[in-house]
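Structure assessment
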Amino acid sequence: MAILELMQINLLSPMVLAFALGIIATLVHSDLKLPDELYTTLSIYLLLAIGLKGGIALAETSLAVFWAPALATLILGVIIPLIAYAAARRIGKLSIADSAALAAHYGSVSAVTFAASQTFLDTIGIKFEGFMPALVAILEVPAIVIALLIAQMAGGQQGGDWKAAVRELLTSKSILLLVGGMAIGWLAGPRGGKEVAPLFVDLFKGALTFFLLELGMVAARRFRDLPAAGLFLLGFAIIMPIINGTLGVWLGHLAGLSLGGSTILGVLAASASYIAAPAAVRIALPQANPGFYLTAALGITFPFNLAIGLPLYYTLATWITGGA
Amino acid sequence: MAILELMQINLLSPMVLAFALGIIATLVHSDLKLPDELYTTLSIYLLLAIGLKGGIALAETSLAVFWAPALATLILGVIIPLIAYAAARRIGKLSIADSAALAAHYGSVSAVTFAASQTFLDTIGIKFEGFMPALVAILEVPAIVIALLIAQMAGGQQGGDWKAAVRELLTSKSILLLVGGMAIGWLAGPRGGKEVAPLFVDLFKGALTFFLLELGMVAARRFRDLPAAGLFLLGFAIIMPIINGTLGVWLGHLAGLSLGGSTILGVLAASASYIAAPAAVRIALPQANPGFYLTAALGITFPFNLAIGLPLYYTLATWITGGA
Amino acid sequence: MAILELMQINLLSPMVLAFALGIIATLVHSDLKLPDELYTTLSIYLLLAIGLKGGIALAETSLAVFWAPALATLILGVIIPLIAYAAARRIGKLSIADSAALAAHYGSVSAVTFAASQTFLDTIGIKFEGFMPALVAILEVPAIVIALLIAQMAGGQQGGDWKAAVRELLTSKSILLLVGGMAIGWLAGPRGGKEVAPLFVDLFKGALTFFLLELGMVAARRFRDLPAAGLFLLGFAIIMPIINGTLGVWLGHLAGLSLGGSTILGVLAASASYIAAPAAVRIALPQANPGFYLTAALGITFPFNLAIGLPLYYTLATWITGGA
Amino acid sequence: MELTTVKLVTIISEAILEERILHDLRQLGARGYTVGAVRGEGTRGVHASEWEGKSLRIETLVAPDVAESILQHLAATYFPHFAVIAYMTDVQVVRGEKFRGQQ
Amino acid sequence: MELTTVKLVTIISEAILEERILHDLRQLGARGYTVGAVRGEGTRGVHASEWEGKSLRIETLVAPDVAESILQHLAATYFPHFAVIAYMTDVQVVRGEKFRGQQ
Amino acid sequence: MELTTVKLVTIISEAILEERILHDLRQLGARGYTVGAVRGEGTRGVHASEWEGKSLRIETLVAPDVAESILQHLAATYFPHFAVIAYMTDVQVVRGEKFRGQQ
Ligand SMILES: Nc1ncnc2c1ncn2[C@@H]1O[C@H](COP(=O)(O)O)[C@@H](O)[C@H]1O
Ligand SMILES: Nc1ncnc2c1ncn2[C@@H]1O[C@H](COP(=O)(O)O)[C@@H](O)[C@H]1O
Ligand SMILES: Nc1ncnc2c1ncn2[C@@H]1O[C@H](COP(=O)(O)O)[C@@H](O)[C@H]1O
Ligand code: NA
Ligand code: NA
Ligand code: NA
């Protein structure tokens, strides 16, 4: 399929359309407001469901197949924050704290972007490795830790509580649900999984659609901060994912992932965290400006990946893997 | 089927029984209380689901089939508020503001009553046009605008902010979700729709049942205001829907709708809004007494339509359409 | 199957694993927190779903089959609080109020433990009578009333409002939803039930898993009060359910219940209430220490029953009923 | 603008007592109240209703004598066995008669 | 530590008026606000927005003259037809300039 | 009835600081607290935790000296980088010893 056709399929999925509806709702100042509790519930559900499915798949995966993709993911978790930090500090002339904060966000991963990529590949009929959620868990933490380390070494870290941030990170709900869900899936196996499939599998895409409606409203509120963020941030939030995505696809291919698997590793690399990273950064780098990192991650990169990134990284993957 | 048999089928549906349970819960002063957030979530879900299904159907409907029912619906949206206003002002001797408020509520439409009518027809095995949700959207707004216009022309409108009310109305969550859901369904088409069907189709009746449990409790709290509302309002809230329902069925038949479609247009005409209208009226006609319009719409007309109206309008439709 | 194998199956169910994940989340001080509204919603859902399924089954049950198990259940509701009160007062030397409070909790029943036992029997492929939820409703109230009576006769009841507590109990949400759900199921019958089955049947196990995640966190918070509760309470909260469970299995067998039915009656007898009883006791016996009864019921007995009790009572039932 | 000083009484209570306390307030002369959901910790340790949901924060604007009788009543009725606290403060309102009424 | 006394204005209002009241507050010189969800009952009986969700409890810390003009404005604009009440009280803050500003 | 005057300290804070602030309150001598969920806007623009949920409204009844040390501590520790404000006021309670304690 040509990239334009892929983009059309992607843009016309209920998921992306719901995101667009959320944006519209905010722009026309609608009184639509999803309860905070619904948002929290859906994010817990999505993380647990992603983990569960991954755990069940992992139970049937041999270490021989898994180690190379896992290593590739870890490498991404080290390299991306370094690139992101350098770009923000050298080219963008941002402060140490702001640069490290961006590095943490772009090095880590967005579980919802991951979920959207699964759904996208399902729709166009491309298979991928079942253990991909395990890579989400592997990629989530290290980049944040490395970014905080950079900040500390560069002397930009004052007033923040570094150790508290790492502790918070490891026990954060996103890690706990993802890893916990995987453990449940792995221990309960396919038989246990089948019992809860009506909730955790069948409803997944619908729940994701609902969630993206809310996320569209959140992202649109970020748009207001775009002018203040400036041109550098806009460029950063679009070019950085393309670089990281290419890197991810390529490393995935080297590590032996399939076309679908390489696409998803590209998506993971390209995506910017907006659950784990903001919380950790707020604690460890309180002087970093949330107006920068949240606007970039949630206001620009997330919509970009959702609308354009998914078909783009897939097309890249067909080139790099030679179409299979 | 005889009307008594239809009424029995309707009254013994889980939906209507849940509504009754909600009423009982309030009357016995149970501590049962559904979280407000659940109520909000369910109403968002129902509106979005109604819109989605309608949009998918609309994608497969030709304008040649659609224009006549759409026009009939618009006509209802103009006539009903005029009748309702005249009845409230002349017969009921209510103030201009109170009369216009009632006109707005009875001219507009209750999405939940619509959903219940779909479920009822499903149960007795009667088909209807897939584009009916589009008629819900068409009927929701005009009547409210016309009622506010009447109030302004009659000089009863003081202190309210008319323009703000119409703006609020057009961007209100019920319009946004209904129209937005239709756009999503229309653009995503049957393929996209199938992906989210486990959430938005399979769970629909269950969610409606849950919602009606809450609505039963809300309606029962309205019962307390019944004595203050007086005999006129009680009559109005029962006779008005019968007149409007007959009008709706008849216009639907003239416009070429099937037996099921005519029944539903009757239900739409008969139903009274309690989401869009109260919000708009509160802004534009603050001096109107909510004790009147909410008690009538939610405390009398809604239960009447749910328990008796559905089989009644269907029976009317079998007479008017000649049984097919 | 040997008991160890049964225990393994039980411990590796998604349900029990989710409970364990909730405990871990609390022990590592994770920021995971399910919204209160989700908790409330799930508990309403579970009670309504249990009732519904029971009501549908009850519609197909003849009184000839039902009266003996119902009587056996009533007897349990009278005997268990007497045993529990005597044990707490004589052996544990607790105050009259604290002893009666424990009696109320252990005499009544935990709907979630019941749901877990259904799921457990499903998993190991053991059938049970469909009318079991009716027994949950029968067992819920009497024990609490009897316990409050004991307290009053023993003179330990001061300052509490006995009549208010019983009124509160009979209109409490757990009774209302259970009995109301049964009435709906009974009236709507299998046809109506099928319409709402995607929500109330298919999603049941998934919802239970979600609920147990939260309950694990609640139970773990109770662990902190364990040292203060003392050794007697620990023993009471483990030995009491074993005694009651044995009694329940045996009476169930006498009343003609199947292997599965006897197991479940054992589970009902063994389980301790933590929805209806705490609310009633708080009103009627305010001087009883919640640190005792909640810690015992929720912090010890519930996890014990969930992890060890289910396979244990089933094994007991295979012995007592002679394996069928 | 004529401002009047009335008393704002704030009560933090277990959720289970809601109906009871609101009833008492009305009896004692309060003509309105506002309730919000909170959670908290004090000296009494665990609440029975803790895991069942939130506690309540009840506010009522009343005349000074009503305020005193409310505090007195709460202290006598609920402080011994329930997790309830209450305090009052002076606030200024427009049209004080709405809150003072003729008790 | 230098403490300054400013006015805390508390408004209980139907949810439907949120945007309007917050807009008014800004116009009248408030430089911040905090909103919580509450429910309640007063003398006016039923609210239109009652079943649609909660009422709001809006708090704003402002200079005394701003507080007075807020109360005056609310009394004139909303008290007649809407379920709105408002009151103010003195509170002490560190760094009062944040709340007093140069209106 | 013997009424005592104690200080009510109210803190509006990003949710992320909850554990930290409650810990500080205990250290500084508070013997209880009440927390509610709110949202708001001030001069500092966006919160990091904004989209992650609500802010918190923390109230604690304490002796006057404790109140002052809480305000001082918050101003020094959190005001520079976090969206936190705090204020205190006098309130009257029955049985003040519950809140004053022996710090
Ligand atoms: N010093 C305090 N400041 C604020 N709230 C308090 C204080 N002490 C108790 N509370 C509140 O009152 C409830 C009951 O307190 P207690 O009876 O001391 O356990 C607690 O859950 C808190 O919400
Ligand atoms: N005396 C009062 N004390 C506290 N809150 C009140 C009082 N009167 C009214 N309210 C609140 O203000 C809202 C509107 O009151 P009203 O306009 O009197 O119906 C009510 O829903 C309550 O939340
Ligand atoms: N003047 C004010 N009145 C009431 N609340 C305020 C005020 N200023 C700030 N706040 C609250 O404190 C939070 C942080 O404010 P700021 O640090 O100024 O952004 C806001 O989100 C509001 O909830
Ligand atoms: Na990334
Ligand atoms: Na209508
Ligand atoms: Na029991």
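Residues numbered from 1 in each chain as written. Chains lettered and ligands numbered in written order. Predicted model: local features only at pLDDT ≥ 70, side-chain atom pairs only at ≥ 80, totals over all residues. Heavy atoms only, no water.

Identification of chain D as Transcriptional regulator from Chloroflexus islandicus is taken from an unreviewed UniProt entry.

For chain A, the name recorded in an unreviewed UniProt entry is Sodium-dependent bicarbonate transport family permease, with Chloroflexus islandicus as its organism.

Now for the packing of helix H6 (residues 111–124) of chain B against helix H13 (residues 259–270) of chain B. Residues and elements named next belong to chain B. Where H6 meets H13, the axes come as close as 9 Å, and the angle between the chain directions of the two elements is 155 degrees. The angle between H6 and H13 falls in the class roughly antiparallel. In this structure, H6 crosses over H13, and the sense of that crossing is right-handed. Where H6 approaches H13, its residues Thr113, Phe114, Ser117, Gln118 and Leu121 are matched on the opposing element by Gly260, Thr263, Ile264, Val267 and Leu268. Here the contact of H6 with H13 is composed, by residue class, of five nonpolar, five polar and no charged. (Axes fitted to C-alpha atoms, helices over the stretch in contact; angles between N-to-C directions. Helix = DSSP H or I, 4+ residues; strand = E, 2+ residues; numbered from the N terminus. Parallel < 35°, antiparallel > 145°, perpendicular 65-115°, else oblique. Left-handed = near helix turned anticlockwise from the far one by under 90°. Contact = heavy atoms within 4.5 Å. Nonpolar A, V, L, I, M, F, W, Y, C, P; charged D, E, K, R; others polar.)

Right, let's get into the interface of chain A and chain B. Contacts between chain A and chain B engage 27 residues on the former and 24 residues on the latter. For the pair chain A and chain B, the two sides together bury roughly 2,200 Å², of which 78% comes from carbon and sulfur. Of all residues in chain A, the largest losses of buried area upon contact with chain B belong to Pro14(A), Leu21(A) and Phe210(A), amounting jointly to 24% of the total for that side. The interface formed by chain A and chain B includes zero salt bridges. Where chain A meets chain B, there are three residue pairs in polar contact (both at pLDDT 80 or more). Every element with two or more residues in the side of chain A that touches chain B is listed here: helix H2 (14–27), helix H3 (36–58), helix H6 (111–124) and helix H11 (204–223) of chain A. (Buried area = accessible area lost by both parts, 1.4 Å probe. Salt bridge = Lys/Arg side-chain N within 4 Å of Asp/Glu carboxyl O. Polar contact = N/O pair within 3.5 Å; in protein donor to acceptor, adjacent residues only side chain to side chain.)

Taken together, the side chains of Leu63(B), Trp67(B), Leu71(B), Leu74(B), Ile75(B), Val78(B), Ile79(B) and Leu82(B) present a nonpolar region at the surface, about 730 Å² in accessible area. Tracing the backbone through its elements, the reader meets Leu71(B) in helix H4 (residues 63–91). (Patch = residues over 30% accessible without salt bridge, like charges linked within 9 Å, V, L, I, M, F, W, Y side chains within 5 Å. Areas by Shrake-Rupley, 256 points an atom, 1.4 Å probe, with all protein chains shown as cover.)

What follows deals with the coordination of the sodium ion (ligand 4). Residues and elements named next belong to chain A. Within the protein, Tyr106 (O), Ser108 (O), Leu268 (O), Ala269 (O) and Ser271 (O) serve as the donor atoms for the sodium ion (ligand 4), at 2.4 to 3.0 Å. If you list the donors of the sodium ion (ligand 4) from N- to C-terminus, the spacing comes out as Y-x1-S-x159-L-A-x1-S. In terms of burial, Tyr106 and Ser108 fall into one category: buried. (Donors = N, O, S within 2.8 Å, 3.2 Å for Na, K, Ca; no water. Buried < 20%, exposed > 50% of the residue type's maximum accessible area, 1.4 Å probe, protein only.)

On to the layout of surface pockets. Residue and element names in this part refer to chain A. Approximately 390 Å³ is the volume found for the second largest pocket. Among the secondary structure elements, those contributing two or more residues to the lining of the second largest pocket are H3, H6, helix H10 (173–202) and H11. Sort the elements by how many residues they give to the lining of the second largest pocket and H10 lands first, with six residues. When grouped by side-chain class, the residues that make up the lining of the second largest pocket number eleven nonpolar, five polar and six charged. (1 Å grid on protein atoms, 1.4 Å probe; cavity = no way out; pocket = protein on both sides within 12 Å on 5 of 7 lines; lining within 4 Å. Points joined across faces, edges and corners; volume = space filled by probe spheres on them.)

Side chains carrying opposite charge are able to pair once their charged atoms draw close together. For the structure on display, the rule yields 21 salt bridges over all chains. Of the charged contacts, one joins Arg57(D) and Glu59(D) as a salt bridge, the two residues approaching to 2.8 Å between their closest N and O atoms. The exposure class assigned to Arg57(D) is buried, which follows from its relative accessible area of 8%. The class of Glu59(D) is buried, set by a relative accessible area of 5%. One salt bridge in this structure joins Lys7(F) and Asp90(F), with 2.7 Å as the shortest N-O distance. Taken together, the positions of Lys7(F) in strand E1 (residues 3–14) and Asp90(F) in strand E4 (residues 85–94) put the pair 83 residues apart, joining distant regions of the chain. The buried category is assigned to Lys7(F), whose relative accessible area is 10%. The structure contains a network of salt bridges with shared partners spanning Arg57(D), Glu59(D), Arg57(E), Glu59(E), Arg57(F) and Glu59(F).

Ligand 1 sits among 17 residues. The nearest are Thr43(D), Arg44(D), Thr34(F), Leu61(F) and Lys98(F). Close to ligand 1, residues of chains D and F are found. Here an oxygen atom of ligand 1 sits 2.8 Å away from a polar atom, N or O, in the side chain of Thr34(F). Lys98(F) is positioned such that a nitrogen or oxygen atom in its side chain is 2.4 Å from an oxygen atom of ligand 1. Considered on its own, ligand 1 offers 480 Å² of accessible surface; in the complex 99% of this is hidden by protein. (Near = heavy atom within 4 Å.)

Near ligand 3 you find 17 residues, and of these Thr34(E), Leu61(E), Lys98(E), Thr43(F) and Arg44(F) are the closest. Nearby residues place ligand 3 at the junction of chains E and F. Tyr33(E) is positioned with one of its backbone polar atoms (N or O) 3.3 Å from an oxygen atom of ligand 3. Within the backbone of Gly40(F), a nitrogen or oxygen atom sits 3.3 Å from an oxygen atom of ligand 3. Relative to its free-state accessible area of 470 Å², ligand 3 is covered by the protein chains to the extent of 98%. Secondary-structure elements contributing two or more residues to the shell around ligand 3 are strand E2 (33–41), strand E3 (55–62) and helix H3 (97–100) of chain E together with strand E2 (33–41) of chain F. A total of three residues in the shell around ligand 3 trace back to one element, the largest contributor, which is E3(E). For the shell around ligand 3, the residue count by class is six nonpolar, seven polar and four charged.

On to the packing of aromatic side chains, then. Under the definition given, this model contains 33 aromatic pairs over all chains. Between the aromatic rings of Phe120(B) and Tyr314(B), the centroid separation amounts to 6.4 Å while the plane-to-plane angle is 80 degrees, which identifies the pairing as edge-to-face. Of the two residues, Phe120(B) sits in helix H6 while Tyr314(B) sits in helix H15 (residues 290–320), which places them 194 residues apart along the sequence. Tyr314(B) carries the same exposure label as Phe120(B), and that label is buried. When the ring of Tyr78(D) is compared with that of Phe82(D), the centres are 6.1 Å apart and the planes differ by 65 degrees; the resulting orientation is edge-to-face. Judged by its relative accessible area of 4%, Tyr78(D) is buried. Given a relative accessible area of 7%, Phe82(D) falls into the buried group. Among the aromatic side chains, those forming a connected cluster through ring pairs are Tyr45(A), Phe200(A), Phe204(A) and Phe210(C). (Phe/Tyr/Trp six-rings, centres within 6.5 Å; stacked < 30°, edge-to-face > 60°.)

Before going further, it helps to examine helix H15 (residues 290–320) of chain C. Residue and element names in this part refer to chain C. The terminal C-alpha atoms of H15 lie 36 Å apart, and with 31 residues this falls more than 12% below the ideal 45 Å at 1.5 Å per residue. Its maximal kink placed at Gly309, H15 deviates by approximately 60 degrees, while the proline Pro311 follows within four residues. Where H15 begins, one side-chain oxygen reaches toward the backbone nitrogen of Gly291, 2.7 Å away; that side chain belongs to Asn289. (Expected span 1.5 Å × (residues − 1). Bend = angle between axes of the 7 residues up to and from the residue.)

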